[in-house]
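Per-entry structural report
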Amino acid sequence: MSAPYSRSFSLFICLLVYLITIAVAFAFIKFFEGNMSGLWLLLWADAIATVLVFVFSLVYKNSSLYDPYWSVAPALLAFYWLGKGNDNLVGYLMLILILLWGIRLTYNWMRGWLGLSHEDWRYRMLREKNPHFYPLTNFAGIHLFPTIMVFLGMLPVYVVTAHSVNSLVSIPVLALGFIITLSAIFIELIADEQMRSFKKISNPEEFITSGLWKYSRHPNYFGEISFWLGLWVMQMSIVPSFWWTAIGFVAMLIMFLFASIPMMEAKNSKSKIGYKEYMKKVSVLIPFPYKR
């Protein structure tokens, strides 16, 4: 457990950590720029930034320092690739969507984070469950793995910025991808606000069953997965031959279905009265009622 820092001081420390991290990553990029492709250059810079945040998380004994990384890194990657790539309308559309998504998600995290005295319950659980292996779990599982997932999810953006807008194949596909991505942002926004409002009036043993949560047990995760799917569909409107970049969306889907959701459901099944019955009536992800 970290020291009892105030929330305002904790946010200042978090901001300082990310400014230092971004500065170091930028210095690395400028030093090695021209010696490797934009893809590999930013992959290494991304890894270095992750290691730096990891080191700071050890200093402050709080792995939640890494949590904003998920929503901050994509915009920086998109800015660089777009600035160094082709002047591409689709790339600019992707950047706008990523900024909307990232700003909202970062703000949502900031509102919920109590400070360096508060750490995500999943990290505490992993530490308590296997303290001897936690240093490895902390670095590889909590820090490096999500960084890799996000980088894979951003592959469609790299592919788009590496091609000319003149190579646009299908406007309907582009429109579909744009709608999916924008809708995903709103789904996450609505789901998070509904959960926030519910927590203000509920008891710890209760769980939300209204709004989007009436049709999906995890509408916020559904929105997150849809966001990465939408970026891939947008890329397919320019370079369908690079269909394999769907690996990012697929990796996200697998991560949520087999890691994030099971952890959340196990916790809720133990702490929420009636949650097991709720699981039998409501879809795990897709927002349509069903019985399994």
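Overview of the structure. (Residues numbered from 1 in each chain as written. Predicted model: local features only at pLDDT ≥ 70, side-chain atom pairs only at ≥ 80, totals over all residues. Heavy atoms only, no water.)

Right, let's get into the side chain of Thr 50. On the secondary structure map, Thr 50 appears in helix 2 (residues 38-59). Of note is the side chain of Thr 50, whose polar atom sits 2.8 Å from the backbone oxygen of Asp 46. The contact partners of Thr 50, leaving out residues within four places of it in the chain, are Tyr 66, Tyr 69, His 143, Leu 144 and Thr 147. (Helix = DSSP H or I, 4+ residues; strand = E, 2+ residues; numbered from the N terminus. Polar contact = N/O pair within 3.5 Å; in protein donor to acceptor, adjacent residues only side chain to side chain. Contact = heavy atoms within 4.5 Å.)

Taken as a class, soluble globular proteins show a tendency for nonpolar side chains to be buried jointly. Ranked by internal contacts, the top residues of the largest apolar core, which has 60 residues, are Ile 98, Met 154 and Trp 228. A per-element tally of this core places helix 3 (residues 69-84) first, with nine residues. If we skip the residues at most four places from it in the chain, Trp 228 touches Trp 70, Pro 74, Trp 101, Val 150, Gly 153, Met 154, Phe 249 and Met 252. Listed in part, the nine residues of the second largest apolar core include Phe 207, Tyr 275, Tyr 278 and Val 282. (Core = buried A, V, L, I, M, F, W, Y, C linked by side-chain atoms within 4.5 Å. Buried < 20%, exposed > 50% of the residue type's maximum accessible area, 1.4 Å probe, protein only.)

What follows is about the pattern of salt bridges. In this structure the tally under the stated criterion is eight salt bridges. Lys 84 is the salt-bridge partner of Glu 33, the closest N and O atoms lying 3.3 Å from each other. Here Glu 33, found in the loop between helix 1 (7-32) and helix 2, pairs with Lys 84, found in helix 3; they are 51 residues apart in sequence, far enough to count as distant. Residue Lys 84 is classed as exposed on the basis of its relative accessible area, which comes to 53%. For Lys 280, the salt bridge is made with Glu 277, and the minimal N-O distance between the two is 3.4 Å. With Lys 280 and Glu 277 both in helix 11 (residues 275-281), this residue pair falls three residues apart, about one helical turn. Its relative accessible area of 45% is what places Lys 280 among the partly exposed residues. Residue classification places Glu 277 among the partly exposed positions, given a relative accessible area of 42%. (Salt bridge = Lys/Arg side-chain N within 4 Å of Asp/Glu carboxyl O.)

Take it as geometry only, folks, not as evidence of what the structure does.
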